[in-house]
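The primary structure of each chain is shown beneath.
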Amino acid sequence: MSALGIRLRPVTEDDLDMFRRFVTEPGLIGLDWTGFRDAQAPARRFATDGYLGDDDSRIIVEVDGAAAGVVSWSARGFGVSRCWEIGIALLPDWRGRGIGWRAQAMLCDYLFTHTPAERIQAATQPENIAEQKSLEKAGFTLEGVLRAVEFRAGRWRDGWMYSRLRSDPAPATH
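Our subject in this report is the structure included herewith. Source: prediction; values computed, not measured.

Parameters at a glance
- Residues numbered from 1 in each chain as written.
- Predicted model: local features only at pLDDT ≥ 70, side-chain atom pairs only at ≥ 80, totals over all residues.
- Heavy atoms only, no water.
- Helix = DSSP H or I, 4+ residues; strand = E, 2+ residues; numbered from the N terminus.
- Rg over C-alpha atoms; globule rule 2.2 N^0.38 Å.
- Buried < 20%, exposed > 50% of the residue type's maximum accessible area, 1.4 Å probe, protein only.
- Contact = heavy atoms within 4.5 Å.
- Lys, Arg positive; Asp, Glu negative; His and termini not counted.
- Charge placed at Lys NZ, Arg CZ, Asp CG, Glu CD.
- Phe/Tyr/Trp six-rings, centres within 6.5 Å; stacked < 30°, edge-to-face > 60°.
- Pairing = 2+ DSSP bridges.
- Polar contact = N/O pair within 3.5 Å; in protein donor to acceptor, adjacent residues only side chain to side chain.
- Axes fitted to C-alpha atoms, helices over the stretch in contact; angles between N-to-C directions.
- Parallel < 35°, antiparallel > 145°, perpendicular 65-115°, else oblique.
- Nonpolar A, V, L, I, M, F, W, Y, C, P; charged D, E, K, R; others polar.

What about the overall build of the protein chain?
Secondary structure assignment for the protein chain yields 4 helices and 8 strands. When the elements of the protein chain are put in sequence order from the N terminus, they spell out β-β-α-α-β-β-β-α-β-α-β-β. For a compact globule of 174 residues, the expected C-alpha radius of gyration is about 16 Å, and the protein chain comes in at 16 Å, within 12% of that figure. Each principal axis of the C-alpha atoms in the protein chain carries an extent, and together these give about 40 × 40 × 35 Å. Each of the 174 residues in the protein chain was classed as buried or not, and the buried ones make up 42%. Here the analysis covers contacts within the protein chain between residues at least 6 apart in sequence; of these, 56% occur between residues at least 24 apart. For the protein chain, the distance from the average site of its 22 positive side-chain charges to the average site of its 24 negative ones is 3 Å.

What follows is the structure, given as structure tokens:
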């Protein structure tokens, strides 16, 4: 899967240093920083399933051979139905280049091709304008506000929910 030098690939052992950085460097993943986490957890997870689980997976966003970040998907339910919720974390040097929206669009194409999901959703913070624009470029539609959904920086905050359906037009990633 590639677009303009962007490729999605499985996690390798060499990527574990980046995963450890995500859980030990404050601010590296922007607003999604939730405090220090177990630095050995990434290696344990990789040893368990290579980050490719049935309900929760991560793959690397690679740009011209360099690991730029990670995209993820997790199963979410609504009644008896199931959909995917995706996320992305790019290293600071790779932000603002159009990589994020393309990687998220590519991930949606992958999930719509290899799973029966009808819906893919993504949540973001109201102040994360860059991610809102990225999701819209990746073919997502803003659905609404989730009130007091995230505890961050000492208080409860609202979130915004976006979705893309299988029947929605796919954006051109070139």
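Additional details are given in the paragraphs that follow.
Some thoughts on the packing of aromatic side chains
Going through the model one piece at a time under the given rule, you end up with 5 aromatic pairs. Each ring, one from F19 and one from Y51, has its centre 4.7 Å from the other, and the planes form 45°; the classification is tilted. Taken together, the positions of F19 in helix α1 (residues 16-24) and Y51 in the loop between α2 (41-49) and β3 (56-63) put the pair 32 residues apart, joining distant regions of the chain. Under the relative-accessibility criterion, F19 is labelled buried at 6%. With a centroid separation of 5.4 Å and an interplanar angle of 90°, the aromatic rings of W33 and F36 are classed as edge-to-face. One aromatic cluster is present, formed by F19, F22 and Y51 through successive ring pairs.

Examining the pairing of strand β8 (residues 155-165)
As defined by bridge partners, strand β6 (residues 119-124) adjoins β8 across 6 bridges and the pair is classed as antiparallel. When the sheet's bridge partners are listed, T124 is paired in β8 with W160. The pairing of strand β7 (residues 141-152) with β8 spans 8 bridges and is classified as antiparallel. Paired with T141 across the two strands is S163, which belongs to β8. Counted between consecutive antiparallel strands, the loop separating β7 from β8 contains 2 residues, among which A153 sits at a positive phi close to 55°.

Let's talk about the side chain of E62
Structurally, E62 can be placed in strand β3. In this structure the side chain of E62 is engaged in a polar contact, spanning 2.6 Å, whose partner is the side chain of R9.

Some words on the packing of α1 against α2
Running from N to C, α1 and α2 cross one another at 135°; their axes reach a closest spacing of 8 Å. One finds that α1 runs oblique with respect to α2. Contacts from L16, F19 and R20 of α1 reach α2 at P42, A43 and F46. Its residues placed into classes, the contact of α1 with α2 shows 5 nonpolar, no polar and 1 charged.

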